[in-house]
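# Reading the structure
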Amino acid sequence: MDAVSPRGDVPSVVATASPPVPQVRVRVIEGHQLQGNDIKPVVTVLIGQKHFRTRIQTGNNPYYNEVFWQNFRRTPARLAAELIVFQVLDSRASRAKAIIGVFQLDIGTIYHAPGRSLSWKWLSLQHPQHPETGSRGYLRVSLAVLRAGETAPEEKAPAGDEDVEANLLRPSPCVATLQLRVYRAEDLPQAEPPRLPVGGKRGFVAAAVRVRFAGRTLCTQVMPPDANPEWNEVFFFPLRLPPICDEIQLAILSGSRSSKVLGTATLRLSQISSAGAELEEGTPGFLPCFGPSFLPFYGPRSDPARTPSTRHLPRCRRFGLCGIFYSATMVPPGPELLRFELSLGHYGDTSDVTCKPTASVTPYCCPLFDGEWDVGTGTQQALARLEEQPTPTALDAHLRTARLHLLRHMVATAAEPPRAGWDTLLDTAQGWLRRVTALAVEPQAGVPDVLLWLLQGDRRVACARVPVPDIMFSPSGPGACGRFCGRIQTLFLVGSGDIHAQLRLRLWLGRVANSDDLSRHLEGTLHIYAETHSPEAAGTEAWEYGSLWGSRFHLQPRLGDVCRRRCWHRGMVPNQPGARAALFLLEGTPSKEDVAEDDETPAAECPARGSSRTSPKQPMPLILCTFQRPNFFQLRCYIFQALELTPRATKATADPVAHVSFVHVSQSTRVLPGTLDPLWDQTLLFQRVLLYGDPQGVQDEPPMVVVEVFDQDGGGAGAFLGRSVCAPQVWLDVGQRKPPRLQRYPLRGSGESDGELLAAFELLHDTQDGALAQVTPPPWREGVFSVPQGIRPLLRLVALEVLAWGLRGLQGGVRAPSLELQCGGQTLRTPPILNLPTNPNFPINAFLLPLNLPAEEEYVPPIWLRVLDTREFGYRPMVGQACVRGLGRYYWPPPGQGKPPPGPATPSSGSGNGSAQPWYLLPIPDTSDAAQDRCRGGWGQGGHSNSVTGVTRSHLSPPHPAPHQAAEEEKEEDEDEDDWWSKFYAAMGDKAKRRTGRDRLKIYSCELEALPEFEGLQDFCQTFPLYGPGGHPAGGDDPVGEFKGLFHIYPLPEDPAVSPPPRHFQQLPPSQPQKCLVRVYVVRAFDLPPKDRNRLCDPYVRVSLGKKKLGQRDQYVPNTLEPVFGRLFEVTGTIPLEKDLRVTLLDYDVVPPDQEIGTTTIDLENRLLSRYRANCGLAARYRTTGPGCWRDQLPPSRILEHFAHTRGLPAPEFSAEGTTVTFGDQTILLSQFESAPPVHQHQGPPRERLALHVLRRCHLVPEHLETRTLYNSTQPQMEQGKVQMWVDVFPTTLGSPGPPVDITPPKPQRYELRCVVWNTRDIDMGDVNLIGQQMSDIYVMGWLDGLEEQRQRTDIHYRSLQGDGAFNWRFVFSFQCLAAEELCILPHKEHFWSLDPTVRKVPPKLILQVWDNDKFSADEFLGVLELELSRLPQPARQPQNCTPNPQGTPQSPWPWRGTRVPSHFSLFRQKRARGWWPCTVQDGNKQRLSGKLELSLELLTAREAEERPAGRGRDEPNMYPKLQPPMRPEWSFLWLQAPLRTLRYGLWRQHRGRISLVLALLLLLVLLLTFIYSTPVSAGGARAPPNPSSAPVSPPEPPSVPPHRDIWP
């Protein structure tokens, strides 16, 4: 229990309630790019200690959409350390290779996120053993933490082209190791055996240290019994930065790991490390570091107080602790003697005999009433001190650097004006204070906290803890000392859930070597007396008697006393003066180590504990503190009023009295009977109050004033109602005194808040010069001092006008209840309701009560409402009560100074200017060309709202576009809106973004009552819950009834001659019950909790109004958490007798009773009485027939007339044609809303259409769909899902309503997907033929996700040597789908014993896999292509342009075109697509392109498929289109049939380069040989010699007849 600041922060004395039950919700949506080939992933989720598992899906991008809930009975601090672990496994792989990726985060990350939720976040998965490999896929989840009373945040699905990186949660980027060294412990406690023999001694325990961090627990070895065991062990913990867990929990165990815990301690990583992001410029960060340093451990005591006490105190330095007790008040009564004990660790603890005795306990004293006893036991400067501060450890150095950086930045910031203006100065200062506070923590404080105990006899009754840094002394100067070092402070000792004492004392803690400065802080003189005893008589000393020597002696003799002695008190002074305070020389028997001058004894040389120290026989000295001159003060307590007291037991009122305690004196106010807002108006004077010490110290730390309020009914001490601790304002110079201001002080008793006290306190110094006599005393009135005029609030005359409409839901046989209203000391009583079962409304509804209320709102008392029943003999018991706070919201200023009342009696004060807009009508569209130019491009953009007289003013959407555009858009909308579900999906989907300003259906994400623009539908009268006597909403009590009413407060003229303002509540509607037809439209529910073992439920709807119940058990929706009901319930009831409509969702079970899922309650009376006309929403168009037929009872023109009547306006005037209306001071034309004639054939007359346009601009409730939260009685404040619905209420007196809306859920349509696989390109080669060529026998397999039983495959393209394949093969897949949601409906039974099928809704996704066919082994996987039909990626027209595009980066298949093609499209809208899509395969940690597929996709409805039949593959009917056999190369057949072709295509295409080179070389060789062969040679075989002549040889002439023949040799 922490020490209390003297500024009045009283510790909470409320008993610890049961911990809250937070709820963790995890939705696993889908996976993306999971690593692996042909995988079947499953996700396991660990929430705390409970495991969950999803269904097994197929492919690398599985879709799950499964929800898991887990409740925790833990506080938010303990819950934040729990982990959520996501693990994605491949169900096909072995256990060792099944892990795909893991992601973990703590619940604290979700708890501290905006809205305590993380919606649609991608988790980056990593391998647990190999995190360096990077991401192994992504998992999209939604996480939320809900507390009681909170609603689940709305999960908005992101856009389809959302970037994964922009919404990604990555694991901690850095992986480190946390090293923790455990050296030794000191001063361990002794064992406490159950039976200790007489004269026996307790021994020490065998101890071990347990360390817990991040889900891991490590423990040291068990050491032999010793007071100072040594372990010298090192622990290693894996650590991610930033860390997930913050706390390192250490515990000292007595023996093994499962033994008793002797003490615990906690290290927080946030205090011993820094991320470096505390400032904008960046604070230097550092890794976790601590020590080496001692760490105090705390453990429970064995006494009844059960208050933690310290078990560890390092004694390597000698410290001195001095406490000066000034006064003690509020002590418990009783005959037992009281004393106080001051201890630091084991020192000073009288129950620990192992330490030296000290003067740490005050003498015994009897509790007295009004008694007293005294006994002794700047930024720049901070920077300078920080720079000189030593840093013995690494953590000290890091903290000093961070603190210097913070202070320097704060000094630089303070020198400049605030950037955002002076109005944000408070928030900026609070931000700086939080940063300074975070860095001011000293985690290496090895000295434990100071404990202050109240002992009643031998029992420890109460305790207070004082942190050591607050009272530590430093020789560096006053700025380096603790904030309470040597200063007077007020402490409250708490035990067993209540305050047992208030102490005013002064504490000083420092090193004994520096104790010479102690006398400067004491402001008095210490006197030390030694108590000695002697059996001899001397002087006039009294005798003390006892039964035995060594027992406790007493003053009066008793029967059985055999011993007596004399008591002597002798003054003690030190033998010789020294630098140390004489006070610290009294510690037990002197020893050598005690008188040593070395104050810094090494740890190894510290004296052992418990070896030679025994309990002394002589008593400890008595230390008294005396003061030379006392100071007297006068306390003035201005007790004005208490507000909202909580009566005890079953009482309705109380007789409160305020008891004021100040140091040793107290007084009480007068008793005011029968009120919970007592107006005492009394001043309590405390004359000449004696306070010791310097008056300046009293001004700095004044004593606290404790005000306790009791219920004095019946005499005695009375019942305790509440306590408040107040700090008085001290004036040392009375001449400068200023009157104090009344303040609100909270009163705390058994609950969190039991009322407030309006009071002021001042403490005036009573000096000897008589200046206090000049202060005017308070006025004396009616026998008491009253609050002076300058302090009491200023009152003014106001009128409290009350609309008491009726009482609802009273139980317990109430006969004739009446209402009693109290406010400001005045009481108003209404006539009783004579016949409550037939008409619960009051016979008179409007009342006026003049009051004198404070002019300032903070002083205005609340309104108390009490319902009294009328019984026989005048007995009027109280049935229920309510307290109305914050009356400022009911204040109405005089006319012309603010908002006029919305009642019909006060007409609008609309200005005479024709251009000004009246308060009841929103702006009318301007159809001029200039207005169209101004407003073009702003469709659907809502303007700013400004509440005026209960009607919210907002800007109208800009006018319609050109007539032909409007006609085309309207025609398109009419075609789309064939039924109600079309409007619903249009409002939920992308069409809502393209719509005009007139939304067809408004979907609210909360209850209609929660919308601020409709004032909670309580604009006519509000609902105030009534609680029984002694009940309180903060205590969790259930209301016993309701009061329907409203209040208006407005000023009244002080002059009686001036006429009062007109009354507000006039011309009220009839208060008689009326019969109504109620139509309840329940559309769907979502976020329901699982109720069955399959983590689903079988919900059905039950509607109850009064005693009528609708809804059958057999109309349940099986196995779903998001049921679509589409149910209409019609029930007739009498309002207000049957005003609460309950819509309950129950879970169907085979054996009744069915479990309740959740219930929502709707107050039909508020909807019927609200001026916003919430009984039936206004439709967007007026149609006489068709799906959008007008369903209201009255046509728009009649509704407009009724609206004008309720607002006190003249009736609207229509023209004969109905195209013009005059409403108020405006003339409105139909052409301002309809720029083109309506194209719908069922449009109503112009008069009704124009009236509807005007009504839609009067801010009435439109045609809507509200989302209501479900609650369960087992967990009253915990959300159990949501239901979307709306209610129409039709009074039967107004006629029959229109036809109901058909909301039957649309049935899924049968679709047929035709996929033609034309060709493949660049498919990976999976085999090698006999001649070493890579090849594949390719075939393609395909199916729709979730319909694996429709798996189909093509024929085989054999011997593909380049990855090219031709198939011309058609896949035909038939499936059911909701076209509006674009989700595929998959009904199936999970088990053969399942009664009903489970319907799953998954996005329609086509999965195509390319395989390599093998004869004698398993086929080899080559690649996969997953195509989501609702988000189909754009195909490429040419195979060379087919690449895997990054997500969200659109690519145009026609590069020469300048238009930008969207990256995705929906096949449900485009119907056909053809092109090339990439096929990928997992290669290591990355996905790579493994081929290309040329496909044509066509989506047909069931009717279109019948009209255009087509067979599978190339079977008949082979049409649309007709598929020809593929033109495959001839070499792809068997080589035995065509060996030459095999050689041609195989050898030539494989080795054409080498063959060409060989042929070229052969040709060159042939040419060379030919040249050599053709060279001429001689007859002898020698070559002819060449011609020696270089001249050219001319061709020879023809030879003539030779004369003779020449012969060559």
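Everything numeric here is computed off the predicted structure, so don't read it as measured data.

This part covers the overall build of the protein. Across its full length, the protein carries 19 helices and 75 strands. Looking at the protein residue by residue over its 1609 residues, the buried ones come to 48%. Carbon and sulfur atoms make up 54% of the accessible area of the protein, which totals about 79800 Å².

Of the voids in this model, the second largest cavity is the one considered here, and its volume is about 130 Å³. Lining the second largest cavity are 13 residues, with R25, R27, A144, E155 and D1087 positioned closest to its centre. In terms of residue class, the lining of the second largest cavity is made up of six nonpolar, three polar and four charged.

Right, let's talk about the packing of aromatic side chains for a bit. Taken as a whole and assessed by the stated rule, the structure comprises 27 aromatic pairs. Each residue in the set W980, W981, F984, Y985, Y1081 and W1286 is aromatic and connected to the rest through ring pairs, giving one cluster. The aromatic ring of Y298 is capped on one face by R465, whose charged end is 4.5 Å from the ring centroid. Over the aromatic face of W1318 sits the side chain of R1474, whose NZ or CZ is 4.3 Å from the ring centroid.

Along helix α15 (residues 1196-1206), the residues that are buried comprise P1196, S1197, I1199, L1200, F1203 and A1204. Seen end-on, α15 carries its buried residues on one side only, within an arc spanning 160°. Of the surrounding elements, those touching the buried residues of α15 are β57 (1213-1214), β58 (1220-1223) and α16 (1246-1255). Two residues or fewer past α15, G1208 is found with a positive phi of approximately 70°.

It is the contact of α15 with α16, at a shortest axis distance of 7 Å, that shows an interaxial angle of 40°. Regarding the angle of α15 to α16, the classification is oblique. As for the relative orientation of α15 and α16, their crossing is left-handed in sense. On α16, the residues touching P1196, S1197, I1199, L1200 and E1201 of α15 are R1247, E1248, A1251, L1252, V1254 and L1255. Taken together, the residues of the contact of α15 with α16 sort by class into seven nonpolar, one polar and three charged.

The four strands lie next to each other as β42-β41-β44-β45, forming an open sheet whose pairing is antiparallel. In this open sheet, the two strands that pair with only one neighbour each are β42 (826-829) and β45 (878-884). Put simply, the sheet's adjacent strands are angled 20° from each other on average, direction ignored. Inspection of the sheet shows strand β41 (residues 817-823) paired to β42 by four bridges, in the antiparallel sense. Paired with L821 across the bridge in β42 is L828.

Evaluated as defined, the whole model comprises 61 salt bridges. With its nearest N and O atoms 2.1 Å apart, the salt bridge here joins R885 to E644. Here R885, found in the loop between β45 and α10 (929-935), pairs with E644, found in the loop between β29 (631-643) and β30 (656-662); they are 241 residues apart in sequence, far enough to count as distant. Accessibility expressed as a relative area gives 39% for R885, which makes it partly exposed. One salt-bridge network, in which partners are shared between bridges, spans E1042, K1044, K1139, D1140 and D1163.

Moving on, we get to the environment of D1154. Tracing the sequence through the fold places D1154 in the loop between β55 (1140-1147) and β56 (1155-1163). The class for D1154 is buried, based on a relative accessible area of 15%. Separated by 55 residues in the primary sequence, D1154 and P1099 have C-alpha atoms spaced 9.7 Å apart. Excluding residues within four positions of it along the chain, D1154 makes contact with Y1100, R1113, L1146, D1147, Y1148 and D1149. Within the local environment of D1154, its side chain forms a polar contact with the side chain of R1113, the two groups lying 2.7 Å apart.

A cluster of nonpolar side chains, V1558, L1559, L1562, L1565, L1568, L1569, F1571 and I1572, forms an exposed patch at the surface whose accessible area comes to about 800 Å². Examined against the element boundaries, L1562 turns out to sit in helix α19 (residues 1539-1573).

Further remarks concern the environment of R1102. Within the secondary structure layout, R1102 lies in strand β52 (residues 1099-1105). Under the relative-accessibility criterion, R1102 is labelled partly exposed at 27%. Linking R1102 and Q1112, residues 10 residues apart in sequence, is a C-alpha distance of 7.3 Å. Residues in contact with R1102, not counting those within four places in the same chain, are K1109, L1110, G1111, R1113, R1142, V1143, T1144 and L1146.

As a further point, take the pairing of strand β70 (residues 1405-1412). Of all eight residues making up β70, eight are buried, and the element is well covered by its neighbours. Of the pairings in the sheet, the one linking strand β64 (residues 1334-1344) to β70 comprises seven bridges and is antiparallel in character. Residue pairing for β70: M1341 is matched across the bridge by Q1409. In terms of strand pairing, β70 meets strand β71 (residues 1420-1428) through eight bridges, oriented antiparallel. Across the sheet, residue W1411 finds its bridge partner in β71, namely F1421.

So, about the sheet that holds strand β6 (residues 99-106). Here we have four strands laid out as an open sheet, ordered β3-β2-β5-β6, and antiparallel in their pairing. Looking along the sheet, the strands with just one partner apiece sit at the ends: β3 (50-53) and β6. Sheet twist, expressed as the mean angle between neighbouring strand axes with direction ignored, is 15°. Alignment of strand β5 (residues 83-90) against β6, held across seven bridges, turns out to be antiparallel. Residue pairing in the sheet places L89 in a bridge with I99 of β6.

Reading the values: the criteria
Residues numbered from 1 in each chain as written. Predicted model: local features only at pLDDT ≥ 70, side-chain atom pairs only at ≥ 80, totals over all residues. Heavy atoms only, no water. Helix = DSSP H or I, 4+ residues; strand = E, 2+ residues; numbered from the N terminus. Buried < 20%, exposed > 50% of the residue type's maximum accessible area, 1.4 Å probe, protein only. Areas by Shrake-Rupley, 256 points an atom, 1.4 Å probe, with all protein chains shown as cover. 1 Å grid on protein atoms, 1.4 Å probe; cavity = no way out; pocket = protein on both sides within 12 Å on 5 of 7 lines; lining within 4 Å. Points joined across faces, edges and corners; volume = space filled by probe spheres on them. Nonpolar A, V, L, I, M, F, W, Y, C, P; charged D, E, K, R; others polar. Phe/Tyr/Trp six-rings, centres within 6.5 Å; stacked < 30°, edge-to-face > 60°. Lys NZ or Arg CZ within 6 Å of the ring centre and 35° of its normal. Arc of directions from axis to C-beta. Contact = heavy atoms within 4.5 Å. Axes fitted to C-alpha atoms, helices over the stretch in contact; angles between N-to-C directions. Parallel < 35°, antiparallel > 145°, perpendicular 65-115°, else oblique. Left-handed = near helix turned anticlockwise from the far one by under 90°. Pairing = 2+ DSSP bridges. Salt bridge = Lys/Arg side-chain N within 4 Å of Asp/Glu carboxyl O. Polar contact = N/O pair within 3.5 Å; in protein donor to acceptor, adjacent residues only side chain to side chain. Patch = residues over 30% accessible without salt bridge, like charges linked within 9 Å, V, L, I, M, F, W, Y side chains within 5 Å.

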